[in-house]
Amino acid sequence: MNEYDSNRIYDTVKNIGYLKTKNHLDADCYLLNSCHIRDKSKEKVFDEIGRVRKNYKNKKKPIVIIAGCVAQAEGNEMIKREPYIDFIIGPQSYHKINKIIQNYNFKKKDELTEFDTEDKFNYLDKIKNNDSNVSSFLTIQEGCDKFCNFCVVPYTRGPEFSRPFKNIIKEAENLVKNGAKELTLLGQNVNAYFYKDGTKSYRLSDLI
Ligand code: SF4
């Protein structure tokens, strides 16, 4: 899902002129999309930011954004521990990333960790998915309401949310146009997919 999210973040920031660089030592903005499923993930984020700080020691500081589930779960603590981080953005707030970048002023640290899942997908559904892999990812739902003892997902991705059926089909058709031959439907709990449109309701089997 982070791979899908990273691609969608890229589809978004391209609209304000931020393009991928081939030279990682020459970036204006450095975004690290993190996963919290293993205990070591948080420390890996700090290691990576340490490397970036060293690489940019004699250069203009890039805007440093930590995204993903580590950001959601540990954001506050991360900004305190590593002042080189400028922004924390949780997985359900990616639709606000362009504003964050455009309003950046080197002074104010910020954290966006609300569970705005519906707004996020409303926003992303208006932006074309440019993925052109033969095997592509497609998020159909996010979050989980099960709260298993060992799992962080309900706290990082929030409650279950299923995307509108028609929007998923539209994105799937677009990915097929881009060359996809195989689509992997993504979700924290894909079996929970349920979308009601008037009197009609859709489940995972309908999507498949
Ligand atoms: S059902 Fe899966 S995602 Fe949901 S809390 Fe349990 S392990 Fe985590």
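Residues numbered from 1 in each chain as written. Predicted model: local features only at pLDDT ≥ 70, side-chain atom pairs only at ≥ 80, totals over all residues. Heavy atoms only, no water.

Remarks on the overall build of the chain
Okay, step 1: When you go through the chain residue by residue, the secondary structure sums to eight helices and 10 strands.
Okay, step 2: Taking 208 residues into account, the globule formula puts the C-alpha radius of gyration at 17 Å, and the chain, at 18 Å, falls close to it.
Okay, step 3: C-alpha atoms of the chain, sized along the principal axes, occupy 60 × 40 × 25 Å.
Okay, step 4: Sorting the 208 residues of the chain into buried and exposed places 45% on the buried side.
Okay, step 5: Intrachain contacts of the chain at a sequence separation of at least 6 include 68% that bridge at least 24 residues.
Okay, step 6: On the chain, the mean spot of the 35 positive side-chain charges and the mean spot of the 29 negative ones are 4 Å from each other. (Helix = DSSP H or I, 4+ residues; strand = E, 2+ residues; numbered from the N terminus. Rg over C-alpha atoms; globule rule 2.2 N^0.38 Å. Buried < 20%, exposed > 50% of the residue type's maximum accessible area, 1.4 Å probe, protein only. Contact = heavy atoms within 4.5 Å. Lys, Arg positive; Asp, Glu negative; His and termini not counted. Charge placed at Lys NZ, Arg CZ, Asp CG, Glu CD.)

A few points about the packing of aromatic side chains
Okay, step 1: Evaluated as defined, the whole model comprises four aromatic pairs.
Okay, step 2: Each ring, one from Phe121 and one from Phe161, has its centre 5.9 Å from the other, and the planes form 10°; the classification is stacked. Note that Phe121 is positioned in helix H5 (residues 117–124) and Phe161 in strand S7 (residues 161–162), a separation of 40 residues in sequence. Accessibility assignment for this pair places Phe121 and Phe161 in one class, buried.
Okay, step 3: Judged by centre distance (3.8 Å) and plane angle (10°), the ring pair of Phe165 and Tyr202 falls under stacked. Taken together, the residues Phe165 in helix H7 (residues 165–177) and Tyr202 in strand S10 (residues 200–203) connect sequence positions 37 residues apart. Note on accessibility: Phe165 and Tyr202 belong to one class, buried.
Okay, step 4: Directly above the ring of Tyr84 sits Lys61, whose terminal nitrogen or CZ lies 4.3 Å from the centroid. (Phe/Tyr/Trp six-rings, centres within 6.5 Å; stacked < 30°, edge-to-face > 60°. Lys NZ or Arg CZ within 6 Å of the ring centre and 35° of its normal.)

Observations concerning the site of the ligand
Okay, step 1: Near the ligand you find Cys144, Lys146, Phe147, Cys148, Phe150, Cys151, Val153, Pro154 and Gln188, and these make up its full shell.
Okay, step 2: In terms of residue class, the shell around the ligand is made up of seven nonpolar, one polar and one charged. (Near = heavy atom within 4 Å. Nonpolar A, V, L, I, M, F, W, Y, C, P; charged D, E, K, R; others polar.)

Some thoughts on the pattern of salt bridges
Okay, step 1: One pass over the structure, following the stated rule, counts 17 salt bridges.
Okay, step 2: A salt bridge links Arg157 to Asp5; the shortest N-O distance between them is 2.9 Å. Placement of the pair is Arg157 in the loop between helix H6 (153–156) and S7 and Asp5 in helix H1 (residues 2–13), with a sequence separation of 152 residues. Neither Arg157 nor Asp5 differs from the other in exposure class; each is buried.
Okay, step 3: A salt bridge links Lys96 to Glu114; the nearest nitrogen and oxygen atoms lie 3.3 Å apart. (Salt bridge = Lys/Arg side-chain N within 4 Å of Asp/Glu carboxyl O.)

With respect to the sheet that holds strand S4 (residues 110–112)
Okay, step 1: Taken in spatial order, the four strands line up as S1-S2-S3-S4 in an open sheet, and their pairing is parallel. For this open sheet the edge positions go to strand S1 (29–34) and S4, each flanked by a neighbour on one side alone. Averaged over neighbouring strand pairs, the angle between their axes works out to 15° when direction is ignored.
Okay, step 2: The sheet contact formed by S1 and strand S2 (residues 63–68) spans six bridges and is parallel. (Pairing = 2+ DSSP bridges. Axes fitted to C-alpha atoms, helices over the stretch in contact; angles between N-to-C directions.)

Here's the deal with the pairing of strand S9 (residues 194–197)
Okay, step 1: Pairing geometry for S9 and S10, over four bridges, is antiparallel. Across the sheet, residue Tyr195 finds its bridge partner in S10, namely Tyr202.

Here we look at unusual backbone geometry
Okay, step 1: Here Phe147, not a glycine, exhibits a phi torsion of approximately 55°, which is positive.
Okay, step 2: One can find Phe147 in the loop between strand S6 (141–142) and H6.
Okay, step 3: Accessibility expressed as a relative area gives 43% for Phe147, which makes it partly exposed.

Remarks on the packing of helix H2 (residues 41–55) against helix H3 (residues 69–81)
Okay, step 1: Packing of H2 against H3 leaves a shortest axis separation of 11 Å and a crossing angle of 45°. By the criterion of interaxial angle, the relationship of H2 to H3 is oblique. In the crossing of H2 with H3, the sense of the turn from one axis to the other is right-handed. Along the contact surface, H2 presents Ser41, Lys42, Glu43, Val45 and Phe46, while H3 presents Val70, Glu74, Glu77, Met78 and Arg81. (Parallel < 35°, antiparallel > 145°, perpendicular 65-115°, else oblique. Left-handed = near helix turned anticlockwise from the far one by under 90°.)

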